[in-house]
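# Topology and contacts: notes
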Amino acid sequence: MKAYRLTAGPVHLLRLTPGEDLIDTVERYAIDLGLTTAWFSYLGAVRAASLRYYDQEALVYRDFVLDEHLEILSGVGNITQLDGRPFVHTHAAFGDADGRAWGGHLNRGTTAFSIEVMIQELHGDPPVRLPDEGTGLATWGGTLPG
Ligand code: ZN
């Protein structure tokens, strides 16, 4: 285990409008404001969702698309640093017109109908994503210099 000690900074509320890409919009906001570390949650509805599932045996992602209008039942994510820039990592559960739930790790291509996002800015000892041989993922493994 590796622990990082951070303190809470300002909270940001965003509303995404129809057609905006969830990951692109959160990433652009983080870059524009210079956010290095944050935790966020969201709810609302999407026109389509692009997701992936990580195969823990093959160590590869399996991509899939839900090309329909869906409710966001619950979305959570974080912003940390990868290769010197903000990296948005987010998972969500979606509900369809019949109340069935789907979910996974989100890709770009998840487009808003309307999404409300709360971003909790964090300060202190920011985690940095580094390649991890055990999982095959870019996991929290370092800290920013200084
Ligand atoms: Zn993930």
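Below is a summary of the structure that appears in this document. Along each chain, residues carry numbers from 1 onward, in the same order as the chain's sequence is written. Only residues with pLDDT of 70 or above have their local features reported here, since the model is predicted, and side-chain atom pairs are shown and tallied only from 80 upward, although totals for entire chains, interfaces and linings are computed over all residues. As a convention, hydrogens and water are excluded, and side-chain values are obtained from all of the structure's heavy atoms.

## Focus on the overall build of the chain
- Secondary structure elements follow DSSP: runs of H or I no shorter than four residues count as helices, runs of E no shorter than two count as strands, and numbering proceeds from the N terminus. Of regular secondary structure, the chain possesses 1 helix and 9 strands.
- The globule rule is 2.2 Å times the number of residues to the power 0.38, and the radius of gyration it is compared with is taken over C-alpha atoms. The C-alpha radius of gyration of the chain comes to 16 Å, within 12% of the 15 Å expected for a compact globule of 146 residues.
- By its C-alpha atoms, the chain is 50 × 40 × 20 Å across when sized along the principal axes.
- The buried label applies to any residue whose accessible area, calculated with a 1.4 Å probe on protein chains only, is under 20% of its type's maximum; exposed applies above 50%, and partly exposed to all values in between. Burial status across the chain gives 41% buried among its 146 residues.

## So, the layout of surface pockets
- By volume, the largest pocket amounts to about 460 Å³.
- Lining the largest pocket are 23 residues, with Tyr61, Phe87, Val88, His89 and His105 positioned closest to its centre.
- Counting residues per element, the ones that place at least two in the lining of the largest pocket are helix H1 (22-33), strand S2 (38-55), strand S5 (85-95), strand S6 (101-106) and strand S9 (138-143).
- When residues are grouped by polarity, Ala, Val, Leu, Ile, Met, Phe, Trp, Tyr, Cys and Pro land in nonpolar, Asp, Glu, Lys and Arg in charged, and all others, Gly among them, in polar. Looking at the lining of the largest pocket, its residues break down into 11 nonpolar, 6 polar and 6 charged. The distinction between a cavity and a pocket rests on a 1 Å grid over the protein atoms alone: a 1.4 Å probe fits inside a cavity but cannot get out, while a pocket stays open yet meets protein on both sides within 12 Å along at least five of seven lines, and a residue with an atom within 4 Å of a point counts as lining. Grid points are joined across faces, edges and corners, and a volume is the space filled by probe spheres set on the points.

## What to know about unusual backbone geometry
- The phi angle at leucine 59 is positive, at roughly 60 degrees, despite the residue not being glycine.
- Mapped onto the fold, leucine 59 is located in the loop between S2 and strand S3 (60-66).
- We note that aspartate 83 has phi near 55 degrees; this positive angle belongs to a residue other than glycine.
- Accessibility expressed as a relative area gives 72% for aspartate 83, which makes it exposed.

## Section: the coordination of the zinc ion
- Looking at the zinc ion, one finds its protein donor set to be His89 (NE2), His91 (NE2) and His105 (ND1), positioned 2.0 to 2.1 Å from the metal centre.
- Distances up to 2.8 Å from the metal define which N, O and S atoms are donors, and 3.2 Å serves for Na, K and Ca; water is absent from the atom set, so sites may look incomplete. The motif formed by the donor residues of the zinc ion, counted along the single chain, is H-x1-H-x13-H.
- Since its relative accessible area comes to 38%, histidine 91 is described here as partly exposed.

## Some remarks on the pattern of salt bridges
- Salt-bridge detection follows one rule: a side-chain nitrogen of Lys or Arg within 4 Å of a carboxyl oxygen of Asp or Glu. This model, assessed by the stated rule, comprises 7 salt bridges.
- Note that aspartate 24 and arginine 108 form a salt bridge whose closest N and O atoms lie 2.2 Å from each other. In this pair, aspartate 24 is assigned in helix H1 and arginine 108 in the loop between S6 and strand S7 (111-124), connecting sequence segments 84 residues apart.
- On the basis of relative accessible area, arginine 108 is assigned to the partly exposed category, the value being 43%.
- Of the charged contacts, one joins arginine 62 and aspartate 55 as a salt bridge, the two residues approaching to 2.8 Å between their closest N and O atoms.
- Relative accessible area serves as the criterion here: at 17%, aspartate 55 is assigned to the buried category.
- Salt bridges sharing common partners tie together Asp24, Glu27, Arg85 and Arg108.

## A few points about a nonpolar patch on the surface
- Taken together, the side chains of Val11, Leu13 and Met118 define a hydrophobic patch exposed on the protein surface, amounting to about 300 Å² of accessible area.
- On the secondary structure map, valine 11 appears in strand S1 (residues 6-16). What makes a patch is a set of residues exposed beyond 30% relative accessible area and free of salt bridges, joined within 9 Å when like-charged and within 5 Å when nonpolar (Val, Leu, Ile, Met, Phe, Trp, Tyr). Note on areas: these come from Shrake-Rupley sampling with a 1.4 Å probe, and a residue is covered only by the protein chains present in the view.

## Considerations on the environment of phenylalanine 94
- Along the chain, the position of phenylalanine 94 falls in strand S5.
- Considered as a pair, phenylalanine 94 and alanine 138 are 44 residues apart in the sequence and their alpha carbons are 25 Å apart.
- Only heavy atoms matter for contacts: two residues are in contact if any of them lie within 4.5 Å across the pair. When neighbours within four sequence positions are excluded, phenylalanine 94 is seen to be in contact with Val46, Ala49, Leu51, Leu70, Glu71, Ile72, Leu73, Arg100, Ala101, Trp102, Leu106 and Thr110.

## Re the side chain of aspartate 96
- On the secondary structure map, aspartate 96 appears in the loop between S5 and S6.
- Residue aspartate 96 is classed as buried on the basis of its relative accessible area, which comes to 9%.
- As used in this structure description, the phrase polar contact means that two N or O atoms lie within 3.5 Å; if the pair is within protein, one of them must be able to donate a hydrogen and the other to accept it, and residues adjacent in sequence are counted only when both atoms belong to side chains. Separated by 2.9 Å, the side chain of aspartate 96 and the backbone nitrogen of aspartate 98 make a polar contact.
- Engagement of the side chain of aspartate 96 in a polar contact is seen with the side chain of arginine 100, the distance being 2.8 Å.
- Apart from residues no more than four positions distant in its own chain, aspartate 96 is found in contact with Glu68, Leu70 and Trp102.

Nothing here speaks to function; it is geometry throughout.
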